[in-house]
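# Structure assessment
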Amino acid sequence: MSEKIALTPATHTTPPAKFSHGVKKGNILQVAGQVGFLPAVEGQPPTPAGPTLREQTLQTFANVRAILEEGGATWDDVMMMRVYLTDVDHFAEMNEIYNAYFEEQGLNEAPAARTTVYVGLPKGLLIEIDALAVLS
């Protein structure tokens, strides 16, 4: 049986509770919900990348990618992404940002994805993304 490995890239803060930013077991890597916080600075609270959906979405992608890379995965290994928005009016803009980002990344095949509106994110945060990757 494979060992379960918790993943916390150097760019991320230590989680505030008993959970991991990502977990890898065998060839499966689950990235926990990530938000648009800038890279961690020792002794400072997490800071959003900015007030706009674009700034937060691009930083959220960077945070998800950091965990994928920590676990030896790439965007091409992602099978499923779940996107949580705090405002239904952000769907179209998020889709534009999403499409442009993954075109720039040269993604071979798009993962399955689901977007839903979720109002439970901390104040000021507009988006959260989690991902499931299967490494070959």
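Refer to the structure above for everything that follows.
Summary of the structure given here. (Residues numbered from 1 in each chain as written. Predicted model: local features only at pLDDT ≥ 70, side-chain atom pairs only at ≥ 80, totals over all residues. Heavy atoms only, no water.)

Our next topic: the nonpolar core. Core analysis: the biggest nonpolar cluster contains 26 residues, and Leu29, Phe61, Leu68, Trp75, Met81 and Phe102 have the highest contact counts within it. Elements that contribute at least two residues to this core include exactly β3 (28-34), α1 (53-70), β4 (78-85), α2 (91-104) and β6 (127-134). Each residue touching Met81, except ones within four places of it in the same chain, is listed here: Phe61, Trp75, Tyr98, Phe102, Pro111, Ala112, Ala113, Arg114, Ile129, Asp130 and Ala131. (Core = buried A, V, L, I, M, F, W, Y, C linked by side-chain atoms within 4.5 Å. Buried < 20%, exposed > 50% of the residue type's maximum accessible area, 1.4 Å probe, protein only. Helix = DSSP H or I, 4+ residues; strand = E, 2+ residues; numbered from the N terminus. Contact = heavy atoms within 4.5 Å.)

This next bit is on the side chain of His12. By the element assignment, His12 lies in the loop between β1 (4-7) and β2 (22-25). On the accessibility criterion, His12 (10% relative accessible area) is buried. A polar side-chain atom of His12 sits 2.9 Å from a polar atom in the side chain of Thr11. Ignoring any residue separated from it by four or fewer positions in sequence, one finds His12 in contact with His21, Gln34, Ala40, Asn63, Ala66 and Ile67. (Polar contact = N/O pair within 3.5 Å; in protein donor to acceptor, adjacent residues only side chain to side chain.)

Let us now look at the packing of aromatic side chains. All told, the structure shown has nine aromatic pairs when counted by the stated rule. Where Trp75 meets Tyr101, the ring centres are 5.9 Å apart and the plane angle is 85 degrees; that geometry is what we call edge-to-face. Of this pair, Trp75 sits in the loop between α1 and β4 while Tyr101 sits in helix α2, and the two are 26 residues apart along the sequence. A relative accessible area of 9% places Tyr101 in the buried class. (Phe/Tyr/Trp six-rings, centres within 6.5 Å; stacked < 30°, edge-to-face > 60°.)

What follows is about α2. Helix length check: α2, at 14 residues, gives a terminal C-alpha distance of 20 Å against a target of 20 Å (1.5 Å per residue), a fit within 8%. Taken together, the buried positions of α2 are occupied by Met94, Ile97, Tyr98, Tyr101 and Phe102. Within α2, the buried residues cover an arc of 120 degrees as seen down the axis, which keeps them to one side. For α2, exposure combined with an orientation more than 90 degrees from the buried face picks out Ala92, Glu96, Asn99, Glu103 and Glu104. (Expected span 1.5 Å × (residues − 1). Arc of directions from axis to C-beta.)

Bringing the environment of Glu93 into the picture now. Note that Glu93 resides in helix α2. Considered as a pair, Glu93 and Leu53 are 40 residues apart in the sequence and their alpha carbons are 7.9 Å apart.

Now for the pairing of β4. Relative to β6, β4 is paired through seven bridges, and the arrangement is antiparallel. The partner of Met81 across the bridge, within β6, is Ala131. Pairing analysis gives six bridges linking β4 to strand β5 (residues 112-117), with the strands arranged parallel. Paired with Met81 across the bridge in β5 is Ala113. For the crossover that starts at β4, traverses α2 and ends in the parallel β5, the hand is right-handed. (Pairing = 2+ DSSP bridges. Right-handed = clockwise from strand over helix to strand, strands pointing away.)

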